[in-house]
Amino acid sequence: MFTKKEDKTWRHLQHLQDKFAKIRLRDLFAGDPLRAEKYSLQLENMHVDYSKNLINDEIMRHLFALARERGLEDKIKAMFDGKKINQTENRAVLHIALRHRQKTPIYVDGRDVMPQINTVLEKIRDFSEAVRLGRFTGYTGKKLTDIVNIGIGGSDLGPFMACEALKPYWAKDIHCHFISNIDGTACAEVLNKLNPETTLFIVASKTFTTIETLTNAKTCRHWLTEALGEHAVAKHFVALSTNKAEVEKFGINAENMFEFWDFVGGRYSMWSAIGLIIAIAIGYKNFERLLEGANAMDEHFANTPLEQNIPVVLALIGIWYNNFYNIHRYAVIPYDQYLQYLPAYLQQLDMESNGKSVTLDNKFVNYATGPVLFGGAGTNVQHSFFQLLHQGTEIVPIDFIIPAISHNEIGNHHQILLSNILAQGEALMHGKTEEEAALELEKAGKSKTEIARLKKYKSFSGNRPSTTIIFKKIDPYALGQLVAMYEHKVFTQGIIWNINSFDQFGVELGKQLALNILPEIEGTAFGVEHDSSTAALINYIKKIRK
Ligand code: G6Q
C-alpha cells in the first residue's frame, strides 16, 4: 500500500511512539522553558499553541517526511490548480475558488471558473442588500424580516453554524431560521412563529432532489400559498442549486436561483450561493470578510513550508494519535457561546470526508482513517463529559478554541471563561499524582485513613494532549480562517491516508433502503423481504399507528 520509503518512515514512527510512550509532557515542559514558543504558530490574529501534544522534534520531523513522501505539496497544488482530485466522481474540488480574492484565473477543463463565481457573488450582494434595505419585499409589499433556509447536510450545517457564530453582526430587524430535518416538527416549530407576508424561504439544495429538502420546501410553499396565493411564490422563494431544471420544475423562476457548480462539495459550500442567508444576516461586506479570512488561510496553506503550516501541523498531530497511538477520536471545544454549533459542523466536514475504507488505488485500507469527532461549548461540557477526558480510560486529544475578546464583555464573565479554558489544558497535561493528591488532602486536615482511601480517586494521570487556538475576536474574517483551517486539515489527512475526502457514497445505502420501506409504512406495499428485526419493527409501527 505504501512505497518502501513511506513504509520505512511509518515503521520508524511506530518505533518513536514506543519510545515516547514513556515520556511525560510535564517533564518535557519542566526541561524546556521554550517548548510553548517552539510549538506555536501564528497567522495574523490567530494563535495556535500545539505544545501540549505528545510530540518532540524527532517525531515532527518524521511526520513531515511522511507528508512529503505522500506527495502532499504536489497534491495541495493539484487542488488549487483545479485538477480533478475527486477521482471517484471525476470532479475538481474548488471551494478555494469561491473565496479566491486575487484577480487571477482558476481553470477547470481549460475554462476559467472565476467569472461565473464573481457573477454569482454580485447577485448575492445585490439580493442581500435589497432584502436588508427593504427594496425586495414580500408579495404584499412588506419588508422580509424572517429568512428561512431549507436545506440539509452541507446545505444546512455551514450556513447554520456561521449565522450562529456571527450573530453579533446580524441586522437588528432580520431573523434567521433553519429547517433541515424531515421530521415535521422542524417545519411546524419554525412556521408556527412566522407571518407569511414577511417570510423569505431559501431552498438550498445542490442536487434539488433531496427528499427532506423538497418535502420541507413543498410544505412551506403550501403554507405560503394558502395565505397569499400562488402568485406570491416569486416574492417569497429563492433557490440555491446546481440543477436549474429541477428548480424550475419546483416552480421557482431561474432569476430567483443562485447557481453553484459541481466542483463545490456540499460540506464545502458555505462560501458559495449556499451562504446567501449568511450574507442577508450579516450584510454582504461582512460576508466578503468571511471569504477573505478563508482566503488568507488558503494562501497560508498553499504557500507555507509544511513545518510552519497550521493545517498541516494539526493534521499530522492527528495522524500521530490516530495511527501510532491508536486513538481514534478527538474533541473540539469552543469556549464561545456563538461557536456552539462548530463541533456539529466539523463532524460532517471531518467524518463525511475521511470516514472511508478504500484507497485511491482501489484497495481496502489496512490502517485507521478518519477519527470520531465530538464536542460542545465550554464551560458547559466541563460539567458533563470532561470527567471522562480527565480520568477515564480513553485518551481524547482536544482542540480548545477561544477569542481573547468577547462580543459581550459583561463584568468578569470572559475572564472566567478564559481562565477555565487555560486551566483545562493545564490540568489535562499536568495531571495530579497520588502523592500530590495526598499532600493536598493532608493540608485540608484529612486523617491518614481518609487520605489513603481518597488519594487514588483524587489523582489525575495527566499527559492528556490538547491544542489551544486563540483569536483576538470571532469576527467574520476569523471564522473564515478557522473553518478553512479545518478544511485543509481534513484534506491533508486524506492525502496521508490516500483516500478521497470528497465523495460520500457511505450515505447512499440507507437512503436506498428508506425508499423501499416508505411504501410499506404508507401501506401501499406488502411482503417486501427484510431481516426479521426490520420486518417486525415495520409491523409493530404499523400496528400502533393505526
Ligand atoms: C455534503 C453531502 C451532503 C449534502 C446533503 C444535501 O458534502 O453531499 O451532506 O450536502 O445531502 O444535498 P443537497 O444539497 O443536494 O440537497
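Provided above is the structure to which this section pertains.
My aim in this report is to walk through the structure given alongside it, one point at a time. (Residues numbered from 1 in each chain as written. Predicted model: local features only at pLDDT ≥ 70, side-chain atom pairs only at ≥ 80, totals over all residues. Heavy atoms only, no water.)

## Observations concerning the pairing of strand 7 (residues 199–204)
Formally: Whether a residue is buried, partly exposed or exposed follows from its accessible area with a 1.4 Å probe, protein chains only, as a fraction of its type maximum: under 20%, in between, or over 50%, in that order. Helix numbers and strand numbers start at the N terminus; a helix is a DSSP run of H or I with at least 4 residues, a strand a run of E with at least 2. DSSP bridges decide pairing: two strands pair if at least two such bridges lie between them.
For strand 7, the tally of buried residues reaches six of six residues, placing the bulk of the element in the interior. Judged by which residues are buried, strand 7 turns out to be covered on both faces: Thr199, Phe201 and Val203 on one side and Leu200, Ile202 and Ala204 on the other are all buried. Here strand 5 (residues 146–150) runs beside strand 7; their pairing, made up of five bridges, is parallel. Within the sheet, the bridge partner assigned to Asn149 lies in strand 7 and is Ile202. Inspection of the sheet shows strand 7 paired to strand 8 (residues 237–241) by four bridges, in the parallel sense. Among the inter-strand pairings, Ala204 is bridged to a residue of strand 8, identified as Leu240.

## Quick look at the environment of Asn149
Under the convention used in this document: Residue contacts are counted whenever heavy atoms from the two residues lie within 4.5 Å of one another.
Mapped onto the secondary structure, Asn149 falls in strand 5. Among the residues examined, Asn149 registers a relative accessible area of 0% and is labelled buried. Along the backbone, Asn149 and Ala254 are 105 residues apart, and their C-alpha atoms lie at a distance of 18 Å. Look past the residues within four positions of Asn149 in its chain and what remains in contact with it is Ser155, Asp156, His177, Phe178, Ile179, Ile202, Ala204, Leu240 and Ile277.

## Description of the nonpolar core
We count it as follows: What we call a nonpolar core is a set of buried Ala, Val, Leu, Ile, Met, Phe, Trp, Tyr and Cys residues that are connected through their side-chain atoms within 4.5 Å.
Core analysis: the largest hydrophobic core is formed by 127 residues, its most contacted members being Trp320 and Tyr486. Considering each element in turn, this core owes the most residues, 12 residues, to helix 21 (residues 476–497). Residue contacts for Tyr486: discarding those within four places in its chain leaves Tyr330, Val332, Leu346, Leu349, Asp399, Ile401 and Ile469. Counting 23 residues, the second-largest nonpolar core is a separate cluster that includes Leu224, Leu228, Phe237 and Ile252.

## Details of the pattern of salt bridges
Formally: A carboxyl oxygen of Asp or Glu within 4 Å of a side-chain nitrogen of Lys or Arg is what we treat as a salt bridge.
Taken as a whole, this structure holds 27 salt bridges when the rule is applied. With its nearest N and O atoms 3.2 Å apart, the salt bridge here joins Lys143 to Asp173. Pair noted here: Lys143 is in the loop between helix 7 (114–133) and strand 5 and Asp173 is in the loop between helix 8 (157–165) and strand 6 (175–179), with a separation of 30 residues, a long-range link. Among the residues examined, Asp173 registers a relative accessible area of 35% and is labelled partly exposed. Each member of the salt-bridge network shares a partner with another, and the members are Asp32, Lys38 and Asp57.

## Notes on a nonpolar patch on the surface
Inclusion rule: Two joining distances apply to patches: 9 Å for like charges and 5 Å for nonpolar side chains (Val, Leu, Ile, Met, Phe, Trp, Tyr), and every residue must have over 30% relative accessible area and no salt bridge. Each accessible area value is a Shrake-Rupley result obtained with a 1.4 Å probe; residue values ignore everything except the protein chains displayed when judging cover.
A cluster of nonpolar side chains, Ile521, Leu537, Tyr540, Ile541 and Ile544, forms an exposed patch at the surface whose accessible area comes to about 470 Å². For the nonpolar patch, the element with the most residues is helix 23 (residues 532–545), which contributes four residues. Mapped onto the secondary structure, Ile521 falls in helix 22 (residues 508–522).

## Describing the sheet that holds strand 11 (residues 372–375)
Note the threshold: Interaxial angle, 0 to 180 degrees, is taken between N-to-C directions of lines fitted to C-alpha atoms, where a helix line uses only the stretch in contact.
Read from one edge of the open sheet, six strands run 1-2-13-12-10-11, paired in mixed fashion. Each edge of the sheet is formed by a strand with only one pairing partner; in this case those strands are strand 1 (40–43) and strand 11. The average angle at which neighbouring strand axes cross in this sheet is 15 degrees, direction not considered. Of the strand pairs in this sheet, strand 10 (residues 329–334) and strand 12 (residues 398–403) are connected by four bridges, and their pairing is parallel. Bridged to Pro334 within strand 12 is Ile401. Those strands touched by helix 21 are strand 1, strand 2 (46–49), strand 10, strand 12 and strand 13 (466–471), and its axis lies near 150 degrees from that of strand 13.

## Notes on the site of the ligand
Applied cut-off: When at least one non-hydrogen atom of a residue lies within 4 Å of a molecule or strand, that residue is treated as near it. We call two N or O atoms a polar contact when they sit within 3.5 Å, provided that within protein one can donate a hydrogen and the other can accept it, with sequence-adjacent residues counted only if both atoms are side-chain atoms. In this classification, the charged set is Asp, Glu, Lys and Arg, the nonpolar set is Ala, Val, Leu, Ile, Met, Phe, Trp, Tyr, Cys and Pro, and all remaining amino acids, among them Gly, are polar.
Taken together, 13 residues form the shell around the ligand, and within it Ser155, Ser205, Thr207, Thr210 and Gln348 come nearest. At a separation of 2.9 Å, an oxygen atom of the ligand approaches a polar backbone atom of Gly154. Split by residue class, the shell around the ligand holds one nonpolar, nine polar and three charged.

## Considering the packing of aromatic side chains
Quick reminder of the rule: For this analysis, a ring pair means two rings from Phe, Tyr or Trp (six-membered ring only for Trp) whose centres lie within 6.5 Å, classed as stacked if their planes differ by under 30 degrees, edge-to-face if by over 60, and tilted for the remaining angles.
For the coordinates displayed, the defined rule picks out 23 aromatic pairs. With centroids separated by 5.8 Å and ring planes inclined at 90 degrees, the aromatic side chains of Phe201 and Trp223 adopt a geometry described as edge-to-face. Separated by 22 residues along the polypeptide, Phe201 in strand 7 and Trp223 in helix 10 (residues 211–228) bring together distant segments of the chain. Three or more aromatic residues joined by ring pairs make a cluster, and in this case those are Trp10, Trp320, Tyr321, Phe324, Tyr325 and Tyr367.

## Concerning the side chain of Thr137
For Thr137, the position within the fold is in the loop between helix 7 and strand 5. Apart from residues no more than four positions distant in its own chain, Thr137 is found in contact with Lys142, Leu144 and Lys235.

## Digging into unusual backbone geometry
The omega angle of the peptide bond from Gly378 to Thr379 is 5 degrees, so this bond is cis rather than trans. Positive phi, normally seen in glycine, also occurs at Glu44, with a value near 50 degrees. Taking the relative accessible area as the measure of exposure, Glu44 reaches 43% and is therefore partly exposed. Its identity as a non-glycine residue notwithstanding, Asn498 has a phi of 60 degrees, on the positive side. Inspection of the secondary structure assignment puts Asn498 in the loop between helix 21 and helix 22.

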